[in-house]
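Each chain is listed here by its residues.
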Number of protein chains: 2
Amino acid sequence: MSGKSLSFSFKLYKSLTKSSKPFLTKRLFQTCNRLSAAKIINGVALAKEIKDEVKNEIDEVVASGKRRPKLIVIRVGEDPASKTYVKNKIKACEYTGIESESITLPTTVSEDELLNLINKQNNDDSVDGILVQLPVPEHITERKVCNAVTPSKDVDGFNVINVGRLCSDQMTFIPATPAGVMEVIRRTGIETFGKNAVVCGRSKNVGMPCAMLLHADGKYETQAGDATVTLCHRYTPPEQLPVFTKTADILVVACGIPKLITADMVKEGATVIDIGINRIVDEKTGKTKLVGDVDFEEVAKKAGYITPVPGGMGPMTVAMLMKNTMMAYKKEINFD
Amino acid sequence: MSGKSLSFSFKLYKSLTKSSKPFLTKRLFQTCNRLSAAKIINGVALAKEIKDEVKNEIDEVVASGKRRPKLIVIRVGEDPASKTYVKNKIKACEYTGIESESITLPTTVSEDELLNLINKQNNDDSVDGILVQLPVPEHITERKVCNAVTPSKDVDGFNVINVGRLCSDQMTFIPATPAGVMEVIRRTGIETFGKNAVVCGRSKNVGMPCAMLLHADGKYETQAGDATVTLCHRYTPPEQLPVFTKTADILVVACGIPKLITADMVKEGATVIDIGINRIVDEKTGKTKLVGDVDFEEVAKKAGYITPVPGGMGPMTVAMLMKNTMMAYKKEINFD
């Protein structure tokens, strides 16, 4: 695999442009598709870039005498994956200078107790963002929990009002993973306008919002992608899936199936964004390792850009949560 | 054009089935694709069927001594198309036995005055449904007006909470046109599960909700279609549009462009649902006539099913508004 990290190019790009200048970005990267192997999008470097922007902003507000932003992370029970996710979020808060509080409740907590806790945080003026790590135990209704977080502190974007805002092209807290997808696309200078995008997976926190952000009108508040979008999912027949993935200039995969996307399913030069996080046993070493939904080794030879797993969309998701928390702190969204 | 109306078949279907039995429907219609011309879906007959169901239900509740459902229709200004739409809605209310009140405000009305009027209707317990005919004049913010209608009376489904509910697969007032699309599909016995659907047009009241209802999970409250869905729109390049439309088992078109969809763009046996309403001058007669977005004469020779314009989705939209008003009256949706 001969793909090189984009981190150097990003630094160059940042040094050449003060804000977003997609045209320049395009020119910088337009030669990439001529290479025989994909540019690997360095999610760790990109995430650091975003976290550094948040950190710099916080350093400034603190220097001016204001308080730090504050994020409350609530976790119910002892799901190991949830523990890891929460740990990574708290670590990013420490890095950026966001004050954080992690609250862990026992699996036996009642729905009312959880809702009361959320409500207490809603009414606490020193709290900017509230996040309940999903999933919650079965005796608690996930939708109720998501709607309990007041929209202006809902940094996960799961409150039904924020879902409605996103789907109405209104500025909102975009769930961190789809927000990360769009940020990767923009910062890498990948054109979406009039392109074909295919999203595999229709989850409400990843696939659906990705499809929304890729297809909708770029001139409205969400600054969406204006791409033609196909949404594939578990009931897309196996023989139909490649029919669509092969049309994709941008392929976003979030299914939770290792090696679902193979090289023959990908168009030459496409951008492939892999959101899968699967734990599998490495045949060579016998150890557990993380892989995405894309056959990375083979697809990287054909794609124009590709995100790796790990080191791709995972860190980006955490970085976008920091950005959302900063947005909440600055009250950038008008909920009237 | 040799296609025959489906009204007879529907009567047969209704006489054979008490509620929705898709399997039987499928068996009844499975021979259709063998014919060389499309079955024309009779929107007028289907709409009457739905309105009669609402009417029968209202007759029963009135007979039991309860009040009739009540719909308030608010129109601002003198847009001729809006006048026609409102007239058709009021007429359908009269047919079904829904009490209706049509309020017309001058173009000069202020946003506050309109919002106050909506609020008054929100607080009136004798009012079940409130509808503001769009568009509103430019000095009034459409989004504010839509959000002013309380979710439980929002029979148009335009309040951001109802948009969020729809996009979260929760039961809600589905905007009447996409609700009509799904109703036509179901009552005609057209399979969506695992099929390819293509929606042309990404409007928030038609294209987007159609894409949502066609792709999402059938086991949740919206009982969505489980189809693979492609959403095409104004920025889909002309040479790409047929690439996608030709994959469609179900093609939904809502663009406002006469003859956008020609026969060469349609797969043999596809279901073609035409939501376009365009006023054009008939070359033969010199008179103005209504046409859809599909080249009906030619596409009808190739499609499996097709909705005509007029007499297709227009009447269905009005009928679904009646159904939504009845849902509001019965408080069928739990907004907690």
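Because the structure is a prediction, the values reported are computed rather than measured.

Scoring rules and cut-offs
- Residues numbered from 1 in each chain as written.
- Chains lettered and ligands numbered in written order.
- Predicted model: local features only at pLDDT ≥ 70, side-chain atom pairs only at ≥ 80, totals over all residues.
- Heavy atoms only, no water.
- Helix = DSSP H or I, 4+ residues; strand = E, 2+ residues; numbered from the N terminus.
- Buried < 20%, exposed > 50% of the residue type's maximum accessible area, 1.4 Å probe, protein only.
- Contact = heavy atoms within 4.5 Å.
- Areas by Shrake-Rupley, 256 points an atom, 1.4 Å probe, with all protein chains shown as cover.
- Core = buried A, V, L, I, M, F, W, Y, C linked by side-chain atoms within 4.5 Å.
- Least-squares fit on C-alpha atoms with pLDDT ≥ 70 in both.
- Polar contact = N/O pair within 3.5 Å; in protein donor to acceptor, adjacent residues only side chain to side chain.
- Buried area = accessible area lost by both parts, 1.4 Å probe.
- Salt bridge = Lys/Arg side-chain N within 4 Å of Asp/Glu carboxyl O.
- Nonpolar A, V, L, I, M, F, W, Y, C, P; charged D, E, K, R; others polar.
- Pairing = 2+ DSSP bridges.
- Axes fitted to C-alpha atoms, helices over the stretch in contact; angles between N-to-C directions.
- Domains from an automatic or database assignment.
- Patch = residues over 30% accessible without salt bridge, like charges linked within 9 Å, V, L, I, M, F, W, Y side chains within 5 Å.
- Phe/Tyr/Trp six-rings, centres within 6.5 Å; stacked < 30°, edge-to-face > 60°.
- Lys NZ or Arg CZ within 6 Å of the ring centre and 35° of its normal.
- Left-handed = near helix turned anticlockwise from the far one by under 90°.

What is the right way to look at the overall build of chain A in this model?
For chain A, the count of helices and strands is twelve helices and eleven strands. The buried share among the 336 residues of chain A stands at 56%. A separation of at least 24 residues holds for 70% of the contacts in chain A among residues at least 6 apart in sequence. Summed over all atoms, the accessible surface of chain A reaches about 15,000 Å², with 52% contributed by carbon and sulfur.

Can you help me understand the nonpolar core in this one?
Looking at soluble globular proteins, one finds that nonpolar side chains tend to be buried together. Of all hydrophobic cores here, the largest spans 116 residues; its most connected members are L71 and V252 of chain A together with L71, V252 and I275 of chain B. The contact partners of I275 of chain B, leaving out residues within four places of it in the chain, are T177, V181, V206, C210, V252, V253, A254 and M313 of chain B.

Is there a simple way to think about the relation of the copies chain B and chain A in this case?
Two copies of a chain can be linked by a rotation about an axis combined with a shift along that same axis. Superposing chain B onto chain A takes a rotation of 180° combined with a translation of 0.0 Å along the rotation axis, leaving an RMSD of 0.0 Å. The transformation just described matches what one would write down for a two-fold rotation axis.

Even after reading the chapter, I still don't get the side chain of R187 of chain A, so can you show me in this structure?
Residues and elements named next belong to chain A. Relative to the helices and strands, R187 is located in helix 8 (residues 176–187). A relative accessible area of 11% places R187 in the buried class. A polar contact is formed between the side chain of R187 and the side chain of E53, at a distance of 2.7 Å.

Even after reading the chapter, I still don't get the interface of chain B and chain A, so can you show me in this structure?
Size of an interface: often given as the accessible area lost when the parts come together. Contact residues are listed per partner, giving 34 residues for chain B and 34 residues for chain A. Counting each side, the surface lost to burial between chain B and chain A is near 2,900 Å², with a carbon and sulfur contribution of 57%. Here chain B is connected to chain A by six salt bridges. D169 of chain B serves as the salt-bridge partner of K204 of chain A, at 2.8 Å between the closest nitrogen and oxygen. Across the chain B-chain A interface, the total number found is 23 residue pairs in polar contact (both at pLDDT 80 or more). Mapped by element, the contributors of at least two residues to the side of chain B that touches chain A are helix 7 (160–167), helix 9 (207–215) and strand 6 (228–232) of chain B. Here the side of chain B that touches chain A is built from residues that sort into 15 nonpolar, twelve polar and seven charged. With three bridges connecting them, strand 6 (residues 228–232) of chain A and strand 6 of chain B associate as antiparallel partners.

Just to check I follow, could you spell out the sheet that holds strand 2 (residues 70–76) of chain A for this structure?
By way of backbone hydrogen bonds, the strands of a sheet pair with one another, either parallel or antiparallel. All names here are of chain A. Spatially, the three strands line up as an open sheet ordered 3-2-4, and their pairing is parallel. This sheet does not close on itself; its edge strands, each paired only once, are strand 3 (99–105) and strand 4 (129–132). Strand after strand, the sheet turns through a mean of 15° between neighbouring axes, direction not considered. By the bridge criterion, seven bridges tie strand 2 to strand 3 in an arrangement that is parallel.

Honestly, the domain arrangement of chain A in this entry has me stumped. Any pointers?
Residue and element names in this part refer to chain A. Here the domain parsing of chain A yields domain 1 (67–163) and domain 2 (174–316). Distance from the C-alpha centre of domain 1 to the C-alpha centre of domain 2: 27 Å. Of the roughly 380 Å² buried between domain 1 and domain 2, counting both surfaces, carbon and sulfur atoms make up 62%. Counting the surface domain 1 buries against domain 2, the share from its top three residues, Y85, D156 and F158, is 58%. Counting every contact that joins domain 1 to domain 2 gives zero salt bridges. Across the domain 1-domain 2 interface, the total number found is zero residue pairs in polar contact (both at pLDDT 80 or more). Class assignment for the residues of the side of domain 1 that touches domain 2 results in three nonpolar, one polar and one charged.

Just to check I follow, could you spell out a nonpolar patch on the surface for this structure?
Residues and elements named next belong to chain A. Nonpolar side chains collect at one region of the surface, where Y85, I277 and L290 lie side by side and expose about 230 Å² of accessible area between them. Inspection of the secondary structure puts L290 in strand 10 (residues 288–291). The exposure class assigned to L290 is partly exposed, which follows from its relative accessible area of 31%.

For this particular structure, what's the right way to read the sheet that holds strand 2 (residues 70–76) of chain B?
Residue and element names in this part refer to chain B. A sheet is described by the order of its strands in space; here three strands give the open sequence 3-2-4, paired in parallel fashion. Of all strands in the sheet, those bounded by a partner on one side alone are strand 3 (99–105) and strand 4 (129–132). The sheet shows a mean angle of 15° between the axes of neighbouring strands, taken without regard to direction. The sheet strands contacting helix 4 (residues 80–96) are strand 2, strand 3 and strand 4, and the helix crosses strand 2 at an angle near 170°.

Just to check I follow, could you spell out the environment of T271 of chain B for this structure?
With respect to the secondary-structure elements, T271 of chain B resides in strand 8 (residues 271–274). Considering only alpha carbons, one finds T271 of chain B and T141 of chain B, 130 residues apart in sequence, at a separation of 37 Å.

What exactly am I supposed to notice about the packing of aromatic side chains here?
Any aromatic ring pair is given by two values, namely how distant the centres are and how the planes are angled relative to each other. In the structure shown here, the tally under the stated rule is four aromatic pairs over all chains. Lying over the aromatic face of Y95 of chain A, K51 of chain A brings its terminal NZ or CZ to 5.3 Å of the ring centre.

In this structure, what is going on with the packing of helix 8 (residues 176–187) of chain B against helix 9 of chain B? I would like to understand it.
Angle between the axes and distance between the axes: these two values describe a pair of packed helices. All names here are of chain B. Orientation of helix 8 relative to helix 9, taken along the N-to-C sense of each, is 40°, at an axis distance of 9 Å. Seen from above, helix 8 lies across helix 9 with right-handed handedness. When helix 8 is examined against helix 9, the residues P178, V181, M182 and I185 are found in contact with a partner set consisting of P209, C210, L213 and L214. Residue composition of the contact of helix 8 with helix 9, grouped by class: eight nonpolar, no polar and no charged.

Sorry if this is basic, but what is going on with the side chain of T247 of chain A here?
Note on placement: T247 of chain A falls in the loop between helix 10 (241–245) and strand 7 (250–253). Since its relative accessible area comes to 14%, T247 of chain A is described here as buried. Polar side-chain contacts of T247 of chain A include one of 2.6 Å to the backbone oxygen of F244 of chain A. Sequence-distant contacts of T247 of chain A, that is, excluding residues within four places in its chain, are made with N196, V198 and K267 of chain A together with F244 of chain B.

Can you help me understand helix 7 of chain B in this one?
Each turn of an α-helix holds 3.6 residues, which means side chains three or four residues apart point in the same direction. Most of helix 7 of chain B sits inside the fold, with seven of its eight residues counted as buried. Where helix 7 of chain B is concerned, the buried positions are V160, N162, V163, G164, R165, L166 and C167 of chain B. Looking at the buried side of helix 7 of chain B, the elements it contacts are helix 7 (160–167) and helix 9 (207–215) of chain A together with helix 6 (142–148) and helix 9 of chain B. The first or second residue beyond helix 7 of chain B is D169 of chain B, which carries a positive phi of 65°.

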